[in-house]
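Okay, here's what each chain looks like letter by letter:
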Amino acid sequence: MFKEAQLFAPLVIDAAGTPDVTFPPGHPGAGDDEYRMHRNEIAAAALAYRDGDPLPDIGYTPRDHDTWRRISAALASLHREFASTEARDAAERLALPADRVPQLSEASRRLEHLTGFTLRPAAGIVPLSEFYGSLADCMFHATQFIRHPSKPLFSPEPDMVHEVIGHGTTLASSRFAKLYRQAGEAARRAGNGTSLKAVSRVFWFTLEYGVMEENGQFMAYGASLLSAYGELQSFRGVEIRPLDVRDMVTRPYDVTSYQPVLYAAESLAHLEDFLGEFSSGVDGDTGDRLGLVPGEKW
């Protein structure tokens, strides 16, 4: 997902509602005014969107399409070796185009047909309670920009590759989609305190960075792994632990580096049982029961 938090491009919205993205030094887009303007136009389209409107179509550039072709081909090759069977089958059903950036609207229509989920355009990072809560309504907030063409295999922020190749793939599986909905329902019961943090961390270590055993190998199913070219090739070399709620929710994670600890399910059925039990038991006191500290860094 995000490998350089210090390279996040902050989005500032002025009093008139006009977005302005600023690339910090070292960001692939720094110094590229054309790319910056394009990102601002895409963010403005998301900000103008209202529920019930048609999803905004983006005028992707030839550079965008070329970047998509390159990363799509690279990830498809890795998925054959490292992605779980359920994720590979879901990607086949979703059938994203490999030769061009798909519009969010077409990916959304396909997902709605497959599992009932729809996509909603996001200008940038969405508040946690809104992001997770919307999953209960089968809605997923997604950015629409494409990473800078100078580094097609890397993005410091969640772009369309992460949203659609990563989360779109898992949301195309009815079994994974059910787990997303359960996470959303749990988030709404959790409120905005430490219990929401618990839901967020379990989501992070499963539906973002989860792996499972298949035929004696660890295989990736988490959306962040499925969309991370470098990390997908190396995840088997880190410490991989059994699923453990308390260990997950009390382990701070660093979004600026590859994850040093991952958690593996014994099977997809095991993951469903684990997350189903956790999600169904979440309430406003869950974080306190698990020992989370109010005010601790998310």
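An unreviewed UniProt entry lists the chain under the name Tyrosine 3-monooxygenase, with Streptomyces melanovinaceus given as the organism. Under the UniProt heading Cofactor (unreviewed entry), the note attached to the chain is "Fe(2+)". UniProt lists a comment for the chain under the heading Sequence similarities (unreviewed entry), and it reads "Belongs to the biopterin-dependent aromatic amino acid hydroxylase family."

> What's the story with the environment of Arg70 in this structure? I'm lost.
Positionally, Arg70 belongs in helix H2 (residues 62–82). Relative accessible area serves as the criterion here: at 45%, Arg70 is assigned to the partly exposed category. Taking C-alpha positions, Arg70 is 9.6 Å from Pro149, a pair spaced 79 residues apart along the chain. Not counting residues within four places of it along the chain, the set of residues in contact with Arg70 comprises Pro149 and Pro152.

> Looking at this structure, how should I read the pattern of salt bridges?
Working definition: two side chains of opposite charge can pair if their charged atoms are close together. Throughout the structure, instances matching the rule amount to 14 salt bridges. Notably, a salt bridge pairs Asp247 with Arg241, separated by 2.7 Å at the nearest N-O pair. Taken together, the shared-partner salt bridges connect Asp66, Arg69 and Arg70 into one network.

Each value, and the rule that gives it
Residue positions are given per chain, counting from 1 as you read along its sequence in written order. Reporting in this predicted model follows two pLDDT cut-offs: at least 70 for local features of residues, and 80 or more for side-chain atom pairs to be given and counted; totals over whole chains, interfaces and linings ignore these cut-offs and use all residues. To obtain the side-chain values, all non-hydrogen atoms of the structure were included, while hydrogens and water were left out. UniProt positions are given in the numbering used here, feature names are shortened, and annotations may be inferred rather than shown by experiment. Runs of H or I in DSSP of at least four residues are treated as helices and runs of E of at least two as strands, each being numbered from the N terminus. Three exposure classes are used, based on accessible area relative to the maximum for each residue type with a 1.4 Å probe and protein chains only: buried under 20%, partly exposed in between, and exposed over 50%. Residue contacts are counted whenever heavy atoms from the two residues lie within 4.5 Å of one another. We define a salt bridge as a contact between a side-chain nitrogen of Lys or Arg and a carboxyl oxygen of Asp or Glu at a distance within 4 Å.

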